[in-house]
Amino acid sequence: QVQLVESGGGLVQPGGSLRLSCAASGSILSINGMAWYRQAPGKEREVVAAITGRGSTYFAGSVKGRFTISRDNAKNTVYLQMNSLKPADTAVYYCNTWVVTTLNWGQGTQVTVSS
């Protein structure tokens, strides 16, 4: 099964930016929907942004206009560009298939937004 490795997280001040990467161990070309999810302490995991094989995108209302998602099938990588970050964006970020998560979860990457 394809394994997922997320990276790019860190500590950033409010208003700052980060770019997350999700590298798959195998081809994602045949995978239609890929998404970024996040889980904040004490909260359930939620979908943040998704992208289909044709490039259609979906964003949660809380990040619309601030986050963009892209995929590079040649590199088997999905990206999440996060701008205008807020403390409420603090969470561990994961990637997986979408709408249904079919792959094992990776370790995630921690994003902390704090002054």
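See the structure shown above.
The structure displayed is predicted, hence computed values, not measured ones.

Caption draft 1: The arrangement of the pairing of strand β7 (residues 67-72) in detail. Here β7 shows a buried face lined by F67, I69 and R71 and an unburied face lined by T68, S70 and D72. Relative to strand β8 (residues 77-82), β7 runs antiparallel, the two being bridged by six bridges. For S70, the partnering residue across the bridge sits in β8 and is Y79. Hairpin remark: β7 followed by β8, antiparallel, with four residues in the connecting loop; positive phi at N76, about 55°.

Caption draft 2: Representation of the environment of T77. Counting through the fold element by element, T77 comes out in strand β8. We classify T77 as buried; its relative accessible area is 9%. When the C-alpha positions of T77 and S114 are compared, they lie 28 Å apart, and in sequence the two are 37 residues distant. Once residues within four sequence positions are removed from consideration, T77 is found in contact with S21, C22, A23, I28, S70, R71 and D72. In this structure the side chain of T77 is engaged in a polar contact, spanning 2.8 Å, whose partner is the backbone oxygen of K75.

Caption draft 3: Structural context of the sheet that holds strand β5 (residues 46-51). If you walk across this open sheet you meet the six strands as β2-β10-β9-β4-β5-β6, and the pairing is mixed. The strands lining the two open edges of the sheet, one partner per strand, are β2 (10-12) and β6 (57-59). Neighbouring strand axes in the sheet, compared pairwise and without regard to direction, differ in orientation by 25° on average. Where strand β4 (residues 34-39) meets strand β9 (residues 91-97), six bridges bridge the pair, whose relative direction is antiparallel. Paired with Y37 across the bridge in β9 is Y94.

Caption draft 4: Local environment of the side chain of T97. Its place among the elements puts T97 in strand β9. Its relative accessible area of 5% is what places T97 among the buried residues. Within the structure, the side chain of T97 is placed 2.7 Å from the backbone oxygen of V100, a separation counted as a polar contact.

Criteria and thresholds
- Per-chain numbering applies: the sequence of each chain, read as written, is numbered from 1 onward.
- For this predicted model, a pLDDT threshold of at least 70 governs which residues receive local features, and a threshold of 80 or more governs which side-chain atom pairs are given and counted, while totals over whole chains, interfaces and linings are taken from all residues.
- Here the side-chain values reflect all heavy atoms present in the structure, with hydrogen atoms and water set aside.
- Exposure classes here rest on a 1.4 Å probe applied to the protein chains alone. A residue is buried below 20% of its type maximum, exposed above 50%, and partly exposed in between.
- Counting from the N terminus, the helices are DSSP H or I runs at least four residues long and the strands are E runs at least two residues long.
- Whether two strands pair depends on DSSP finding at least two bridges between them.
- Should any heavy atoms of two residues lie within 4.5 Å, those residues are considered in contact.
- A 3.5 Å cut-off defines polar contacts: any pair of N or O atoms within that distance qualifies, except that in protein one atom must be a possible hydrogen donor and the other a possible acceptor, and neighbouring residues in sequence count only when both atoms are side-chain atoms.
- To define axes, lines are fitted to C-alpha atoms, for helices over the stretch in contact only, and angles between the resulting N-to-C directions are given on a 0 to 180 degree scale.

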